[in-house]
Amino acid sequence: MKFFSKKISTSLETAKQNIQNKFDSERIQMVEISKLKFDNDFKELFSQEPEKVERIAQDMNDHGFDKSQPIIATKDGSILDGNSRYMAAKQIGIKYVPVVYKDFTDKNEALKYELHLQLDRRNLSDAEVFAMFKKLEEMKQTAKSEGKSTEDFTDAKLAEQLKKSERQVQKMRELSKKADEQTLNKVASGELTINQAYSVVKEFKHLKNYKTYEKSSIVKAEFNKGVKFALDELEKGKTAEEILASL
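Values in this document were obtained by computation on a predicted structure and should not be read as measured data. Numbers given to residues run from 1 along each chain, matching the order in which its sequence is written. pLDDT decides what is reported in this predicted model: residues at 70 or higher carry local features, side-chain atom pairs at 80 or more are listed and counted, and totals for whole chains, interfaces and linings draw on all residues regardless. Side-chain calculation: all heavy atoms of the structure are included, whereas hydrogens and water are not.

**Comments concerning the sheet that holds strand β2 (residues 71-74)**
The mixed open sheet is built from four strands, whose spatial order is β1-β4-β2-β3. In the strand order of this sheet, the two ends are held by β1 (29-32) and β3 (79-81), each with one partner. When strand polarity is set aside, the average angle formed by the axes of neighbouring strands in this sheet is 55 degrees. Here, a strand pair is defined by DSSP locating no fewer than two bridges between the strands. Secondary structure elements follow DSSP: runs of H or I of four or more residues count as helices, runs of E of two or more count as strands, with numbering from the N terminus. As defined by bridge partners, β2 adjoins β3 across two bridges and the pair is classed as antiparallel. Along β3, the bridge assignment pairs I72 with D81. Sitting on the sheet, helix α4 (residues 83-91) touches β2, β3 and β4 (96-102), and the angle it makes with β3 is about 120 degrees. The axes used here are C-alpha line fits, helices contributing only the stretch in contact, and every angle between their N-to-C directions lies in the interval 0 to 180 degrees. Here, residues are in contact when the closest pair of their heavy atoms is within 4.5 Å.

Dropping the structure here:
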């Protein structure tokens, strides 16, 4: 009986220690700003507007870094959330900033966390939504290549994560596969919405099909004209060699 009591007690202590370790790792810490860094996989998803960074820098200069809005980073110091705050703090020379470190099993898990964090917080532009879609598609391919489940990457799941319809997800997939570089760049810059870019792709496809049809119609008409000419010449008593020589 004492053995089982001791075993249960040990298990409880281990559980308590795990909870304490998680709490300690996710509490706000003051960290030297030089220990933080950008990770392009995270940074490229959301643009840092210069005006916004300047506004934050001015507020920090007047009131200091708001500790209720810490930077969220992975264990190696890669910033998940707070790129603009990080840039503003560096701009005005703040040496230490509040940070919460998060632990993830792999980079895909960290990316999913960032996507959910941003979706819950901001009204995303079409450019940002499309960037997120492309990143999720990359994560799907990575999961496939590693032999992992891709059930989190169905159209229904992507639509749920991006807060868009399944039809919109399908449009984005068609865009990523069929749009030319110029159209994709216009979506990325915000010059075209997803729907506008999709219309461009559909119009181009329609025009291409029409040109193919038009070309095939011309070829067919010329062929028929040639056949009629040959038959007429044969009726006049000319040989095949003479007809070919006259062409």
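**Digging into unusual backbone geometry**
Not every positive phi belongs to a glycine, and K163 is a case in point at roughly 60 degrees. Within the secondary structure layout, K163 lies in the loop between α7 (155-162) and α8 (166-178). Exposure classes here rest on a 1.4 Å probe applied to the protein chains alone. A residue is buried below 20% of its type maximum, exposed above 50%, and partly exposed in between. Overall, K163 belongs to the exposed group, its relative accessible area being 53%.

**Here's the deal with the packing of helix α6 (residues 126-145) against α8**
Closest axis-to-axis distance for the α6/α8 pair is 10 Å, and the angle between their directions is 75 degrees. On the basis of the axis angle, α6 is roughly perpendicular to α8. Contacts from V129, F130, F133 and E137 in α6 reach V169, M172, R173, L175 and S176 in α8. Here the residues of the contact of α6 with α8 sort into six nonpolar, one polar and two charged. Oblique is the label for any angle not covered by the other classes, which are roughly parallel (under 35 degrees), roughly antiparallel (over 145) and roughly perpendicular (65 to 115). Note that Gly is not counted as nonpolar here; it falls among the polar residues with everything else outside the nonpolar set of Ala, Val, Leu, Ile, Met, Phe, Trp, Tyr, Cys and Pro and the charged set of Asp, Glu, Lys and Arg.

**Side note on α4**
Of all the residues in α4, the buried ones are N83, S84, R85, Y86, A88 and A89. A positive phi of about 85 degrees marks G93, the residue just after α4.

**Focus on the pattern of salt bridges**
Any two side chains of opposite charge can pair, so long as their charged atoms come close to each other. Take a side-chain nitrogen of Lys or Arg and a carboxyl oxygen of Asp or Glu: if they are within 4 Å of each other, that pair is a salt bridge. Evaluation of the coordinates by the stated rule reveals ten salt bridges. In this structure, E138 engages K135 in a salt bridge whose closest nitrogen and oxygen atoms are separated by 3.2 Å. Here E138 pairs with K135, and both are found in helix α6, just three residues apart, close to one helical turn. One salt bridge in this structure joins K178 and E174, with 3.5 Å as the shortest N-O distance. Separated by four residues within a single helix, K178 and E174 lie in helix α8, roughly one turn from each other. For K178, a relative accessible area of 49% puts it in the partly exposed group.

**A few points about the environment of D152**
By the element assignment, D152 lies in the loop between α6 and α7. Classification of D152 by relative accessible area gives partly exposed; the value is 31%. As a C-alpha pair, D152 and L136 span 16 residues in sequence and 9.7 Å in three-dimensional space. If we ignore the near neighbours within four places in the chain, the residues touching D152 are K112, K157, L158 and Q161. Polar contacts, as used here, are pairs of N or O atoms within 3.5 Å; protein pairs need one atom able to donate a hydrogen and one able to accept it. Residues neighboring in sequence count only if both atoms are side-chain atoms. Within polar-contact distance, the side chain of D152 engages the side chain of K112 at 3.2 Å.

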